[in-house]
Amino acid sequence: AVAAVPLLGPFRQSGFSCQLPQVSHSITPVIRDGVWIWDEPPTGEKGYLDGREFDVSVGVRWRSDGTARNLAGATVAPVAFPEQQIQQFEIRKTDGCEAQVVKLTETAGQLQVTAPFVERGQTIEAAATYRLKIFRVCPRYQPGQFPARQDVPRQLADTALGNSPGIRSDLNAVQRIVESVSSRHDHPWELAKKFNTWVWENIRGAPGDYTSVREAIANGVGDCEERAGVFIALCRAAGIPARLVWVPNHSWAEFCLLDHDGQPHWIPVHTAAYDWFGWTGAHEVVLQKGDRIATPGQNDTVRLINDWYTFQGRRPTIEFFGSVTPVADGDSDPGPGKRQKDSRGAWDLVGDHPADKTIRN
């Protein structure tokens, strides 16, 4: 259901346009209750474990005090991953607009909504609604599964090496860190562990708007996104492909190693809130992977897919909304993690489950 389709006309038309930054600030340590948040994965098990279902919705809504024309709006929309299965998908919309979910890359999608006009007093909206099954990731990789020499294919290098918006791997400061913590005999797995340790020891966690890898290293401070960005930059500077993982209100990183058959494996590294290396012990809805995304209506690539809109005529009120709701399996406990996207773009906890206190803000 989540497939690439041609862009609708108004995305190519001129008029007032605006990009709204996304929120990815969480550095809150989690309480390891052993159930909803694992200290360690179950003994003897590996793979994608303990699936939970969530209803997820993302959408765009316009209200108008006058006539606006050629409206277009877009927001991030989840796509499928091995740990995130799309079990149901539907686009719901009012009359007067068209909507579609487009895969911008293999790891990032966008809900695009257009309307020819909206009249005074009219409200139009569209939403992409999902039933997702989310798994915890526990591959139990060992360094010996991967050759010490990694011959990165061109396609992987193009997407997961080099620079991204706000994540520069060619900085002198990044190169100095790589040289200071690595040795010529380091296996890439062990080198990635050293970079993770460096981030935890040298970038103090503090919430705030995203700055850059340069500023995070210079000031020794950053939120989850800076800390993930520094790790990604260090990996890329050492020739290890890496990318950002964005979930509601939070980010971490993945690095990629090729096995002895040349198959790529993306390995999670939690550089803030959680301290897991090589596995994921919580159920998180993935909004986007990757950090160099080309989006319609914007001239440059973006690190996180912006909420974006454009129109002509009278400026309407626009709302980007979203929700994440755990789903009960029969009479079972649906669990914590109910969230709702607010006017700032933050996905706030809004549930009253007793275990909500165990998860990050």
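Before reading on, note that the structure itself is shown above.
Residues numbered from 1 in each chain as written. Predicted model: local features only at pLDDT ≥ 70, side-chain atom pairs only at ≥ 80, totals over all residues. Heavy atoms only, no water.

Considering the layout of surface pockets
Roughly 450 Å³ of internal volume is contained in the largest pocket. Every residue lining the largest pocket is counted, 18 residues in all, and those nearest its centre are Gln-155, Leu-156, Thr-159, Arg-243 and Trp-266. Put simply, the parts of the chain that give the lining of the largest pocket at least two residues each are helix H1 (154–160) and strand E12 (264–269). Quantified by volume, the second largest pocket comes out at close to 370 Å³. (1 Å grid on protein atoms, 1.4 Å probe; cavity = no way out; pocket = protein on both sides within 12 Å on 5 of 7 lines; lining within 4 Å. Points joined across faces, edges and corners; volume = space filled by probe spheres on them. Helix = DSSP H or I, 4+ residues; strand = E, 2+ residues; numbered from the N terminus.)

As for the pattern of salt bridges
Evaluation of the coordinates by the stated rule reveals 23 salt bridges. A salt bridge links Asp-291 to Arg-236, with the nearest nitrogen and oxygen atoms 2.9 Å apart. Here the residue Asp-291 occupies a position in the loop between strand E13 (288–289) and strand E14 (307–313), and Arg-236 occupies one in helix H5 (residues 224–237), the gap between them amounting to 55 residues. Here Asp-291 and Arg-236 have matching classes, each one buried. Between Arg-344 and Asp-348 there is a salt bridge; the shortest N-O distance is 3.7 Å. Here the residues in one salt-bridge network are Arg-61, Arg-63, Glu-125 and Glu-319, joined through shared partners. (Salt bridge = Lys/Arg side-chain N within 4 Å of Asp/Glu carboxyl O. Buried < 20%, exposed > 50% of the residue type's maximum accessible area, 1.4 Å probe, protein only.)

Quick notes on the packing of helix H3 (residues 188–202) against H5
The geometry of H3 relative to H5 is characterised by a closest axis approach of 9 Å and an angle of 145 degrees between their N-to-C directions. The handedness of the crossing between H3 and H5 comes out as right-handed. Between H3 and H5, the residues in contact are Ala-192, Phe-195, Asn-196, Trp-198, Val-199 and Trp-200 and Arg-227, Val-230, Phe-231, Leu-234 and Cys-235, respectively. Along the lines of polarity and charge, the residues of the contact of H3 with H5 split into 9 nonpolar, 1 polar and 1 charged. (Axes fitted to C-alpha atoms, helices over the stretch in contact; angles between N-to-C directions. Left-handed = near helix turned anticlockwise from the far one by under 90°. Contact = heavy atoms within 4.5 Å. Nonpolar A, V, L, I, M, F, W, Y, C, P; charged D, E, K, R; others polar.)

Focus: the sheet that holds strand E2 (residues 47–63)
Read across the sheet, 6 strands follow the order E4-E7-E2-E15-E16-E17 without closing on themselves; strand pairing throughout is antiparallel. Strands with a single pairing partner mark the edges of an open sheet, and in this sheet they are strand E4 (84–93) and strand E17 (347–349). Each strand of the sheet is rotated relative to its neighbour by a mean of 15 degrees, with strand direction disregarded. Pairing of strand E15 (residues 317–327) with strand E16 (residues 339–341), which is carried by 2 bridges, proceeds in the antiparallel orientation. (Pairing = 2+ DSSP bridges.)

Points about the side chain of Lys-289
Along the polypeptide, Lys-289 turns up in strand E13. We classify Lys-289 as buried; its relative accessible area is 3%. In this structure the side chain of Lys-289 is engaged in a polar contact, spanning 2.7 Å, whose partner is the side chain of Glu-83. Within the structure, Lys-289 has its side chain in polar contact with the side chain of Glu-254 (distance 2.9 Å). If sequence neighbours within four positions are ignored, Lys-289 has contacts with Phe-81, Glu-83, Thr-107, Ala-108, Arg-243, Leu-244, Val-245 and Glu-254. (Polar contact = N/O pair within 3.5 Å; in protein donor to acceptor, adjacent residues only side chain to side chain.)

Topic: the packing of aromatic side chains
For any pair of aromatic rings, geometry is given as the distance between the ring centres together with the angle between the planes. In total, this model carries 11 aromatic pairs according to the counting rule given. Seen from their ring centres, Trp-276 and Trp-279 are 5.2 Å apart, and the 35 degrees between their planes marks the pair as tilted. The exposure classification of Trp-276 matches that of Trp-279, with both residues buried. Against the face of Phe-321 rests Arg-61, its NZ or CZ located 4.2 Å from the ring centre. Its guanidinium or amino end placed over the ring of Trp-266, Arg-243 lies 3.8 Å from that ring's centre, counting from NZ or CZ. (Phe/Tyr/Trp six-rings, centres within 6.5 Å; stacked < 30°, edge-to-face > 60°. Lys NZ or Arg CZ within 6 Å of the ring centre and 35° of its normal.)

Some words on unusual backbone geometry
Of note in this structure, Asp-50 is not a glycine but carries a positive phi near 55 degrees. As for its position among the elements, Asp-50 is in strand E2. The exposure class of Asp-50 is partly exposed, given its relative accessible area of 40%. We note that Asn-70 has phi near 50 degrees; this positive angle belongs to a residue other than glycine.

Read these as geometric descriptors, not functional statements.
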